[in-house]
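# Survey of secondary and tertiary structure
Next come the chains, spelled out residue by residue.
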Amino acid sequence: MTPRHTPLSAEAAVAHLTPERWEHANRLLVRKTLAEFAHERLLEPRPTADGHYRIRSDEGDIEYSFAATVLSLEHWHVDASSIARRRVRTPEAGGSADGSAQAGGVAASDSLPLDALELITELRETLGLSPQVLPVYLEEISSTLSGTAFKLAQEQLDAPELARADFQRVEAGMTEGHPCFVANNGRLGFDLAEYHAYAPEAGAPVRLAWLAADRRYATFTASAGLMEEELLREELDPQTRERFDDRLRELGLRPADYQLIPVHPWQWWNKLSVTFAAEVARRRLVFLGHGDDEHQAQQSIRTFFNTSRPSRHYVKTALSVLNMGFLRGLSAAYMKATPAINDWLHELVAQDPVLRASGLAILRERAAVGYHPEVYEAACEKSSPYLKMLAALWRESPVPLLGAGERLVTMASLLHTDRHGGSFAVALIRESGLEPADWLRRYLDTYLTPLLHCFYAYELVFMPHGENVILVLDQHGVPQRALFKDIAEEIAVMSPETPLPPEVERIRAEVPADMKVLSLFTDVFDCFFRFLNGLLAVDGILDEDTFWTTVADCVTDYQKSAPHLAERFERYDLFCPDFALSALNRLQLRDNQQMVDLQDPAGALQLVGTLANPIAPYA
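Residues numbered from 1 in each chain as written. Predicted model: local features only at pLDDT ≥ 70, side-chain atom pairs only at ≥ 80, totals over all residues. Heavy atoms only, no water.

Structurally, valine 70 is set in strand E4 (residues 68-71). Of the residues examined, valine 70 reaches a relative accessible area of 37% and is grouped as partly exposed. Residues valine 70 and histidine 39 lie 31 residues apart in sequence; the distance between their C-alpha atoms is 9.4 Å. (Helix = DSSP H or I, 4+ residues; strand = E, 2+ residues; numbered from the N terminus. Buried < 20%, exposed > 50% of the residue type's maximum accessible area, 1.4 Å probe, protein only.)

Written as structure tokens, this is what we have:
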């Protein structure tokens with residue numbers, strides 16, 4: 001049997017945890033905490049006489065000061081090197097009543113090291129952290145810090161080198177995670193050896209475990225015309241398949257009676273072999289061994305890219321670790337409709353001339369499999385994590401879609417900066433030879449235009465964050481087209497009029513009319529463009545006015561091209577003066593184990609006032 005994970009000594013497992021790296025990781029995370037919590041109006045930094053900002057702890061005894069520039073969409077660009085933490089003197093000890101330092105009022109000993117864990121506890125009341133949520137959140141912060149220290153310990157390519165690297169080197173080279181969430185790399189459930197084996201940034205080769213499931217308790221669905229045997233022939237070499245069949249025969253079982261399911265090795269060792277022990281004992285589930293292909297974990301941690309055979313499918317697996325507000329399982333019930341949803345969207349894209357012209361392609365989830373444990377299905381509600389422990393799907397690889405000279409990068413890379421502050425996006429722009437605004441417009445045509453058309457023509461929305469979009473670049477780093485992925489769990493149709501096949505009806509969502517366009521403002525403007533604009537503006541390569549003018553021009557040009565949708569452009573106005581601020585961290589701070597009710601995602605939003613729309617002046 002393949003070992004559980006690569007053996008590591010206790011010393012090697014924690015080699016990245018040094019005082020220097022821990023201090024560096026804390027400074028970076030404190031910077032992000034101040035910036036994003038200020039953006040979400042959890043914190044109200046107050047300007048000081050020296051041009052800096054300050055905030056106080058709940059008790060008023062600790063003060064943070066820092067230099068920052070506030071950009072459009074209330075994006076706080078905090079200078080990490082400027083952040084200072086100190087204990088505030090009381091008036092009796094020589095300080096002024098408001099805590100500002102008087103001459104000689106603050107001794108050198110009052111200076112304190114930066115510590116993200118202490119920052120959270122010092123602000124627990126301000127952040128509204130309940131006694132139940134706080135310790136789990138602190139564990140997520142600790143794990144996120146440890147992950148940052150690990151990344152700092154690795155040999156990293158600088159931004160220009162990474163911009164010329166291959167697809168999977170770029171994927172593993174991402175260091176930030178979700179740009180909005182502070183505790184974004186918790187992965188609670190991984191031990192340190194498992195982190196080294198399975199974390200995306202480790203880039204370690206992984207051979208997936210395979211189980212055979214009694215067909216009476218398993219469901220397999222596939223895209224129209226794709227048969228189960230055809231898929232397995234594509235994904236498993238004949239000798240691998242024969243080895244699996246031999247294992248079943250050794251136990252006196254008929255291979256034809258069993259459904260093959262790929263499984264994350266962690267899930268087998270930590271969940272399935274324990275929680276589903278009865279299923280294993282009764283031979284409803286049989287461990288077959290590991291596949292022969294090597295895979296690499298993607299940023300989403302539970303999806304794998306086949307590095308041995310890059311043209312083979314991605315495999316997305318259930319992984320019951322807590323990460324960024326959810327246990328990352330996969331619902332066996334939801335998997336049933338996954339191929340049908342993808343077929344519907346694939347046909348829509350293929351038949352729509354605007355989407356075809358934009359170059360948009362979706363990476364179809366072509367087949368899905370799920371196991372239905374009777375005892376848990378009888379005992380649990382549909383949303384229970386116990387019903388999301390054993391399922392998988394196969395998603396198309398982007399590699400066969402490449403033309404001559406083209407290459408792939410995750411869109412998350414556009415927000416990546418190296419350890420010296422070098423920007424990946426700036427490196428691409430310089431490599432392209434285009435003017436920055438021209439490069440930006442090429443990117444917007446590939447990414448924003450299809451999102452606009454899907455929204456206005458069909459009221460169809462995606463979750464188009466950086467990890468869910470792959471960009472196809474030419475040999476000079478110029479965006480050619482976008483590939484959208486993670487379809488079945490992340491899209492919604494908000495119109496009651498858009499026709500859907502019965503098996504696809506699940507994606508229809510009832511959303512109040514005044515909330516519909518917020519999907520574009522939140523997911524695209526606030527959660528991606530806000531950061532990209534900030535990086536380019538601070539770097540000096542593109543000023544804010546030019547950035548948002550270019551975005552506005554893209555919107556205007558699309559609207560001019562579709563006069564038949566004029567009523568919808570007016571009803572869902574992208575040039576309105578402002579829009580609601582949807583605060584993502586507040587969701588996690590409220591409940592970091594079930595951040596959103598997936599049956600009613602709109603109802604779970606935390607809306608905090610409004611943001612000035614940066615393209616409104618260019619209507």
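A few words now on the packing of aromatic side chains. Counted under the stated rule, the structure contains 30 aromatic pairs. Each ring, one from phenylalanine 150 and one from tyrosine 195, has its centre 5.1 Å from the other, and the planes form 85°; the classification is edge-to-face. Placement of phenylalanine 150 in helix H4 (residues 133-153) and of tyrosine 195 in helix H7 (residues 192-198) is noted, with a sequence separation of 45 residues between them. One aromatic cluster in this structure is built from Trp439, Tyr443, Tyr447, Phe521, Phe525, Phe528, Phe529, Phe547, Trp548 and Phe579. Taking the ring centre of tyrosine 314 as reference, the NZ or CZ of arginine 395 above it sits at 5.8 Å. Above the plane of the ring of tyrosine 334 lies arginine 506, whose end atom (NZ or CZ) is 4.0 Å from the centre. (Phe/Tyr/Trp six-rings, centres within 6.5 Å; stacked < 30°, edge-to-face > 60°. Lys NZ or Arg CZ within 6 Å of the ring centre and 35° of its normal.)

As for its position among the elements, histidine 264 is in the loop between strand E10 (258-263) and helix H10 (265-275). Residue classification places histidine 264 among the buried residues on the basis of a relative accessible area of 0%. The contact partners of histidine 264, leaving out residues within four places of it in the chain, are Tyr198, Ile301, Phe304, Thr317, Ala318 and Leu319. (Contact = heavy atoms within 4.5 Å.)

This paragraph deals with the UniProt feature "domain: Aerobactin siderophore biosynthesis IucA/IucC-like C-terminal" (unreviewed entry) in the protein. Within this structure's numbering, the places UniProt gives as "domain: Aerobactin siderophore biosynthesis IucA/IucC-like C-terminal" (unreviewed entry) are residues 438-596. Regarding residues 438-596, the helix share stands at 49% and the strand share at 13%, and the terminal C-alpha atoms are separated by 38 Å. (UniProt positions renumbered as here; feature names shortened; annotations may be inferred.)

To continue, consider unusual backbone geometry. Positive phi is not limited to glycine here, since glutamate 74 has a value of about 50°. Structurally, glutamate 74 is set in the loop between E4 and strand E5 (75-78). Positive phi, close to 65°, is recorded for arginine 283, a residue that is not glycine. With respect to the helices and strands, arginine 283 occurs in the loop between helix H11 (277-281) and strand E11 (285-290).

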